[in-house]
Amino acid sequence: MLKSLYSGVSGLQAHQIAMDVESNNIANVNTSGFKYSRANFSDLLAQTKAIATAPQGELGGKNPVQVGLGSTVSSTTRIFSQGSVQNSDKNTDVAIQGDGFFIVSPDGGNTYKYTRAGDFKFDAGGNFVDNNGFIVQGWLRDSVTGFVDSTAPITNINIPPGLTTPAQPTQNVVIKANLDSGPLVDTFSAAYTVPSGTPNSVTNPGEGDAFDVHGNPIASDDMGVMFNDSGEAFSMQTGQGVWISFTPSTLTSGAVLAGAEELDITLELDDGTTQQISTTGGAVGNTVAQNAARYVSAINAYTSSTGVTASYDTAANQIVLTNPNNNQLASHNIQLTATTGPFATGDSITAYRYTYDSSGGTPPTAGLDKTFRTIAELRYAMEQQARAVDINSDASYDSNISIEIDEQGKFKVTNPGGTADDYDLTIAITGMDASSVVGGGITENTRFTRSMEALNATIPAGSPGIAFSQSFNAATHSASIDIFDSLGTKHTLRTEYRKVAVDVYTGSTWTMLVSVPEPAIIDTVAPLNEKEGFIRFNNDGSLATYNPPNISFTGNNGSSPNQQVSLELGTANSFDGMTSFDAASSTSGISQDGFTGGDLVGIRIDQSGTLVGSFSNGRSFGLAQIGMAKFTNNEGLAAEGSNVYVQTANSGDPIIGTAATAGRGFMQASALEASNVDLSLSLTQLIIIQRGYQANGKTITTSDTLLETLIGLKR
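Residues numbered from 1 in each chain as written. Predicted model: local features only at pLDDT ≥ 70, side-chain atom pairs only at ≥ 80, totals over all residues. Heavy atoms only, no water.

(A) Expanded view of the overall build of the protein chain. The helix and strand tally for the protein chain stands at 7 helices and 50 strands. Taken against the 2.2 N^0.38 rule, which gives 27 Å for 715 residues, the C-alpha radius of gyration of the protein chain at 50 Å runs more than 25% over that of a compact globule. Looking at the protein chain residue by residue over its 715 residues, the buried ones come to 43%. The long-range fraction of contacts in the protein chain, counting pairs at least 24 apart against all pairs at least 6 apart in sequence, stands at 63%. Entry remark: accessible area of the protein chain is about 33400 Å², with carbon and sulfur atoms responsible for 52%. Side chains of the protein chain carry 36 positive and 68 negative charges; the gap between the two charge centres is 24 Å. (Helix = DSSP H or I, 4+ residues; strand = E, 2+ residues; numbered from the N terminus. Rg over C-alpha atoms; globule rule 2.2 N^0.38 Å. Buried < 20%, exposed > 50% of the residue type's maximum accessible area, 1.4 Å probe, protein only. Contact = heavy atoms within 4.5 Å. Areas by Shrake-Rupley, 256 points an atom, 1.4 Å probe, with all protein chains shown as cover. Lys, Arg positive; Asp, Glu negative; His and termini not counted. Charge placed at Lys NZ, Arg CZ, Asp CG, Glu CD.)

This is the structure:
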């Protein structure tokens, strides 16, 4: 009988423990990061009245006879299900979504405790602490590398109050851009200026013939890769060019005779063929005027092909042949072979071929055809020919005719006069095609012709008249970014790109001019604030090579001299940086890693638990990172109160790492994880526990009644 009493007592005791556990759950319904527990019941050792027997013969087996001795709470289980995440207005609140624990230490990192409550703050010393004053553990930013090393041992997270970051001088500039390789460009700049007179490279060997906007000598632009004023490429091929004449070709006959004399002459044409011109039917009685008229008529009948027109000078009794050299469809110059008539064999050559040669022009010689590659070579060849006139026959060429390339990239022709060799300029420029050379084989470059034809004009000697061509331009692009010296002072670094060459086999070449404002310097030769280089592209538009790969910057303002700045334009034979496609020139990205000094103005926490500091200089970078611990058996942790747990023999060792890695959850800033206690479940459990307690109490009272009956038998 006593067994039933003791069983009831054990039931009361077990349900009392369960009541204690559930009460604790309900008490912590609003505790951040709290994980509820449950009581696990088990029965006590049973008393065996008879053991089980096996079947024997015709007799079946018997089960054991056992009487239980009550129940007990064998264990409590903490349920680590995810609590709801509630947003807060404090940026140092952190919630964990997923598995894992924050690591805190009460003694500077000698021992660790673990918590899910992320109600953190900074104390007066800059320590990142929880509500117990325990310091949160993690990793700090390495002052040398500038990064947070999460592979190092964890330590106290401390961010000193009033933290400032010193200026970081720029070490790398990264540029990603496309330089337009197409035949039509949107961004272009005028050709470099080229003054009149002897080329600068002749008077100053080693220097360029042109001058940039700052007046510094520079190599002249290659006409083969230049563009007109609409951004259309000339795309000149070797052998293409124009005819240029500065005065008409004229040839005068001898005296015209009366009678039956006939005209028989041959004119050589541009392509090497000839045109014979002759008359027939002359009569003995013809007058001088009649013969002259016959000759003029015969010659003018072929003007459309020869370009030569004839006129009769009655006073001098001569026929004057003239070729203005201004008809592209007709031949140029006068090259005459006489057989009969008033003319003697002779030439009058004033128009010359000016042809492009991609391998380089030859020094011009007056009285011969010219070749050129650069716009400066074309200018000099034109000016030399225009001045090659000895009007006063003193064996010197003193003309003041001037041809230059102005700031707009235009040929500018003036005829100021002032010398005995000056003459009235009659500029005649026409295109060259297959009929312009012996053997043909070329096509007219109409864009180049149209740009040069704008010079066609008559400029009397000593007049203020000026003739201009259309503008000649180079494809260009530029990009700028501010870099910083060791004092944090900003300096604008500008890169300018200019297309200078195209190779059918290897691709294109652009010059690269890097410049900084004075008094800063980046070169050892004048101008000291500029450095010239180049960038080459493969024929698939990928980067081939570039130079310089870096610059040595000295601010001359008290900052550290010879600051090395690497120019990162991409990887060779790749498309990860500078490219040259048939697309508009544009900069898609430009960055640098320097900054001025700044004060800490705010901290935010990202999903990896990194404490990102925002500084007054506009920079943001990780100052520390919160560590996280994961256990093999979370239920094996022992609660120590104050929302913290400690490791036990059954929890396993902590696996420490960063959030969102190796099965650890991620962190959400400005949020706290609420208690995972479900009130509806807890209150239901209270009812169940209450009924269980009442039932066990009834067992005791019933046993008591039975005992009273037993005792009453004695009476």
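(B) Structural detail: helix H5 (residues 375–387). The end-to-end C-alpha separation of H5 is 18 Å, in line with the 18 Å expected for 13 residues at 1.5 Å each. When we look at burial in H5, the residues that qualify are Ile375, Ala376, Leu378, Arg379, Ala381, Met382, Glu383, Gln385 and Ala386. (Expected span 1.5 Å × (residues − 1).)

(C) Focus on the pattern of salt bridges. Taken as a whole and judged by the stated rule, the model has 16 salt bridges. As a salt-bridge pair, Arg294 and Glu262 come within 3.0 Å of each other at their nearest N and O atoms. Of the two residues, Arg294 sits in helix H3 (residues 288–300) while Glu262 sits in the loop between strand S20 (249–252) and strand S21 (264–268), which places them 32 residues apart along the sequence. A salt bridge links Glu444 to Arg450, with the shortest nitrogen-to-oxygen separation between them at 3.7 Å. For Arg450, a relative accessible area of 37% translates into the label partly exposed. Where salt bridges share partners, they join Lys35, Arg116 and Glu673 into one cluster. (Salt bridge = Lys/Arg side-chain N within 4 Å of Asp/Glu carboxyl O.)

(D) A look at the environment of Leu686. Residue placement: Leu686 occurs in helix H7 (residues 679–712). As a C-alpha pair, Leu686 and Ile26 span 660 residues in sequence and 10 Å in three-dimensional space. What Leu686 contacts, discounting residues up to four positions off in sequence, is Met19, Glu22 and Ile26.

(E) Geometry of the pairing of strand S34 (residues 473–484). A large share of S34 lies buried, amounting to 9 of its 12 residues. Where strand S15 (residues 188–190) meets S34, 3 bridges bridge the pair, whose relative direction is antiparallel. Each residue of the ladder has a partner; that of Phe188, found in S34, is Ala475. Where S34 lies against strand S35 (residues 490–503), 9 bridges are found, and the strand directions are antiparallel. Bridge pairing links Ser480 to Arg494 in S35. (Pairing = 2+ DSSP bridges.)

(F) Fine view of unusual backbone geometry. The omega torsion across Glu518 and Pro519 is 10 degrees, close enough to zero to call that bond cis. Considering the arrangement of structural elements, one finds Pro519 in the loop between strand S36 (507–515) and strand S37 (530–537). That bond from Asn547 to Pro548 is cis: its omega, 5 degrees, falls within 30 degrees of zero. Structurally, Pro548 can be placed in the loop between strand S38 (543–547) and strand S39 (550–553). At Asn556, a residue that is not glycine, the phi angle is positive and equals roughly 55 degrees. With respect to the helices, strands and loops of the structure, Asn556 is situated in the loop between S39 and strand S40 (563–568).

(G) Representation of the sheet that holds strand S32 (residues 457–459) in the model. Pairing is mixed across the open sheet formed by 5 strands, whose spatial order is S28-S27-S19-S31-S32. If you trace the sheet from one side to the other, it starts and ends with strand S28 (370–372) and S32, each paired once. Strand-to-strand, the axes of this sheet are offset by a mean angle of 25 degrees, without reference to chain direction. Packed onto the sheet, H5 meets strand S19 (241–245), strand S27 (351–356) and S28 and runs at close to 170 degrees relative to S27. (Axes fitted to C-alpha atoms, helices over the stretch in contact; angles between N-to-C directions.)

(H) Structural detail: the sheet that holds S20. Strand order in the open sheet made by the 3 strands is S20-S24-S23, with antiparallel pairing throughout. Since the sheet does not close on itself, it has two edges, and those belong to S20 and strand S23 (309–313), each with one partner. Going from strand to strand, the sheet's axes swing by 20 degrees on average, the running direction of each strand aside. Pairing of S23 with strand S24 (residues 318–323), which is carried by 5 bridges, proceeds in the antiparallel orientation. Across the sheet, the residue bridging to Ala310 is Leu321, located in S24. Across the sheet, H3 touches S23 and S24, and the angle it forms with S23 is around 165 degrees.

(I) Looking closely at the packing of aromatic side chains. One pass over the structure, following the stated rule, counts 17 aromatic pairs. Counting every residue linked through ring pairs, the aromatic cluster contains Phe234, Tyr356, Phe372, Phe411, Phe448 and Phe472. Directly above the aromatic system of Phe621 lies the positively charged group of Arg141, at a separation of 4.1 Å from the ring centroid. Geometry around Tyr352 places Lys370 over its ring, the cationic atom sitting 4.5 Å from the centre. (Phe/Tyr/Trp six-rings, centres within 6.5 Å; stacked < 30°, edge-to-face > 60°. Lys NZ or Arg CZ within 6 Å of the ring centre and 35° of its normal.)

(J) Geometry of the side chain of Ser37. With respect to the helices and strands, the residue Ser37 is situated in strand S1 (residues 37–43). Classification of Ser37 as buried rests on a relative accessible area of 9%. Not counting the four nearest positions on each side in its chain, Ser37 is found in contact with Val21, Asn25, Thr77 and Arg78.

(K) Region of the structure containing the side chain of Ser471. Tracing the backbone through its elements, the reader meets Ser471 in the loop between strand S33 (466–468) and S34. A relative accessible area of 9% means that Ser471 is categorised as buried. Polar contacts involving the side chain of Ser471 include one to the side chain of Asn473, which spans 3.3 Å. Ignoring anything within four residues of it in the chain, the contact list for Ser471 reads Phe227, Asn228, Asp229, Gln408, Gly409 and Lys410. (Polar contact = N/O pair within 3.5 Å; in protein donor to acceptor, adjacent residues only side chain to side chain.)

Honestly, that's just the spatial picture; any functional story needs more than this.
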